[in-house]
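Architecture and fold: a report
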Amino acid sequence: SGYVALALNACFFAFISYWLYRNIAFDDLASQLKQIPLTAVLLAMTMNLFVLLFYGSRLSTLLNGRLFSGFLIATMGFTFNSLVPFRAGEGVKIYFGHSYFDYAIGGISAAVLLEKLYDVTAIIILSLLILATSDSSLIDPRMLIPAATIIAMVFAGVFALRRRGVSLRLPDWGVIKALRLDAFLQQAERLVARHRAGRTALFTASIWMTNVCLVYVAFRTLLPEIDFTLVHAVTLLIIGALAIAVPASPAGLGLFEAGIVAYLVNAYGVQKERAISAALAYHFSITAPHTLIVISFLAIALFRFLKKRATS
């Protein structure tokens, strides 16, 4: 499966490279990259740090732990998602949280799963907001009512089960006890039943509201000539989130930029080279902060390890 993944990624990057070669003037692209305002990148990076803090606060709330541990685990996950395809950072979060901070593996696995549930819900709500403000005749606004009702019913059912303390039991098989899956499930159930849903939802709302503001400010600064509104910022944020979620390449590299470029070119008529430069600047702004934090942490950890080994 690993060789298949590498082959698929190689084909994907080959296609992107071929498209760039046939459609992009690299001299113009280099010129556009040089014109990117540094203030736009620094502002976006600063706002992204607040997003990381909200992610860390949410994870520490779910785990009932310290902010530092939640922040570092979440940042580690983002960094490895940026370096390795197929969302491997989620597994790194679980391993790192269990091995370094001694969180129960069942509990932190459930926390990571709950994070995805809250984020998917936020994405659906933002998507409904886009549909509600769309002028397209292809979308019937009356469809928003049943969609919102379904979401409300799903969450009502989840919280009803949570309140009643419904327990899932595995079959009494020897292999299950040998693998300690029963303990894993108990840890996960305990976290789901006891997590502070209101505070978790508040941090989730803070994450996505800050992300919307980040996209809005970044592209208003990177492309001041276009009429970029908050609704467009939400649309671009959803496009980026869906591109990163596709397990095709590290951090959705290539696919992420392709989605943004396609939107900017088709919606605003932005020159392709200028759209690519803006997409690259934005992608760099949201990946550089957590990468620098993790590199710094690993460097400090390595220094302490070598110092301890030298003195022992």
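Note that the structure is predicted; figures quoted are calculated from it, not measured.

Regarding the overall build of the protein chain
- Tallying secondary structure elements over the protein chain gives 13 helices and 0 strands in all.
- Each helix (α) and strand (β) of the protein chain, taken in turn from the N terminus, gives the series α-α-α-α-α-α-α-α-α-α-α-α-α.
- Put simply, the protein chain has 312 residues, and 42% of those count as buried.
- For the protein chain, contacts bridging at least 24 residues in sequence account for 71% of all contacts bridging at least 6.
- Of the roughly 17700 Å² that the protein chain leaves accessible, carbon and sulfur atoms contribute 69%.

Notes on the packing of aromatic side chains
- Per the counting criterion, the structure on display carries 12 aromatic pairs.
- On the basis of an interplanar angle of 85° and a centroid distance of 5.8 Å, the ring pair of Phe-96 and Phe-297 is categorised as edge-to-face. Of this pair, Phe-96 sits in helix H5 (residues 88-100) while Phe-297 sits in helix H13 (residues 272-311), and the two are 201 residues apart along the sequence. Here Phe-96 and Phe-297 have matching classes, each one buried.
- Note on Phe-219 and Phe-228: the rings are 5.7 Å apart at their centroids and 35° apart in plane angle, and the pair reads as tilted.

Things to note about the side chain of Thr-204
- With respect to the element layout, Thr-204 can be found in helix H10 (residues 197-222).
- Side-chain polar atoms of Thr-204 contact the side chain of Arg-58, separated by 3.0 Å.
- When sequence neighbours within four positions are dropped, the list of residues in contact with Thr-204 reads Arg-58, Tyr-118, Asp-119 and Ala-122.

Observations concerning helix H12 (residues 255-268)
- An ideal rise of 1.5 Å per residue puts 20 Å on 14 residues; H12 measures up with 20 Å between its terminal C-alpha atoms.
- By the burial criterion, the buried members of H12 are Phe-256, Glu-257, Ile-260, Val-261, Tyr-263 and Leu-264. Down the axis of H12, the buried set is contained in an arc of 160°. They therefore lie on one face.

Focus on unusual backbone geometry
- One non-glycine residue, Asn-64, lies in the positive phi region at around 55°.
- Examined against the element boundaries, Asn-64 turns out to sit in the loop between helix H3 (38-63) and helix H4 (67-83).
- Positive phi, close to 60°, is recorded for Asp-102, a residue that is not glycine.
- Considering the arrangement of structural elements, one finds Asp-102 in the loop between H5 and helix H6 (105-132).

Examining the nonpolar core
- Among the nonpolar cores identified, the biggest contains 65 residues, and Ile-73, Trp-208, Val-215, Phe-219, Ile-260, Leu-264 and Tyr-282 are the most heavily contacted of them.
- Elements with a contribution of two residues or more to this core: H3, H4, H5, H6, H10, helix H11 (230-245), H12 and H13.
- Apart from the residues lying within four places of it in its own chain, the contact partners of Val-215 are Phe-228, Ala-233, Leu-236, Leu-237 and Tyr-282.

Section: the packing of helix H2 (residues 26-34) against H13
- Running from N to C, H2 and H13 point in directions that differ by 45°, and their axes come no closer than 8 Å. In this view, H2 runs oblique relative to H13, as classed from their interaxial angle. Crossing geometry of H2 relative to H13 is assigned as right-handed. Side by side, H2 and H13 meet where Asp-28, Leu-29, Gln-32 and Leu-33 of the first sit next to Glu-273, Arg-274, Ile-276, Ser-277 and Leu-280 of the second.
- Across the contact of H2 with H13, the residue classes tally to 4 nonpolar, 2 polar and 3 charged.

Some thoughts on H3
- The end-to-end C-alpha distance of H3, which contains 26 residues, comes to 37 Å, matching closely the 38 Å that a straight helix rising 1.5 Å per residue would cover.
- Asn-64 lies just past H3 and shows a positive phi near 55°.

Reading guide: rules and limits
- Residues numbered from 1 in each chain as written.
- Predicted model: local features only at pLDDT ≥ 70, side-chain atom pairs only at ≥ 80, totals over all residues.
- Heavy atoms only, no water.
- Helix = DSSP H or I, 4+ residues; strand = E, 2+ residues; numbered from the N terminus.
- Buried < 20%, exposed > 50% of the residue type's maximum accessible area, 1.4 Å probe, protein only.
- Contact = heavy atoms within 4.5 Å.
- Areas by Shrake-Rupley, 256 points an atom, 1.4 Å probe, with all protein chains shown as cover.
- Phe/Tyr/Trp six-rings, centres within 6.5 Å; stacked < 30°, edge-to-face > 60°.
- Polar contact = N/O pair within 3.5 Å; in protein donor to acceptor, adjacent residues only side chain to side chain.
- Expected span 1.5 Å × (residues − 1).
- Arc of directions from axis to C-beta.
- Core = buried A, V, L, I, M, F, W, Y, C linked by side-chain atoms within 4.5 Å.
- Axes fitted to C-alpha atoms, helices over the stretch in contact; angles between N-to-C directions.
- Parallel < 35°, antiparallel > 145°, perpendicular 65-115°, else oblique.
- Left-handed = near helix turned anticlockwise from the far one by under 90°.
- Nonpolar A, V, L, I, M, F, W, Y, C, P; charged D, E, K, R; others polar.

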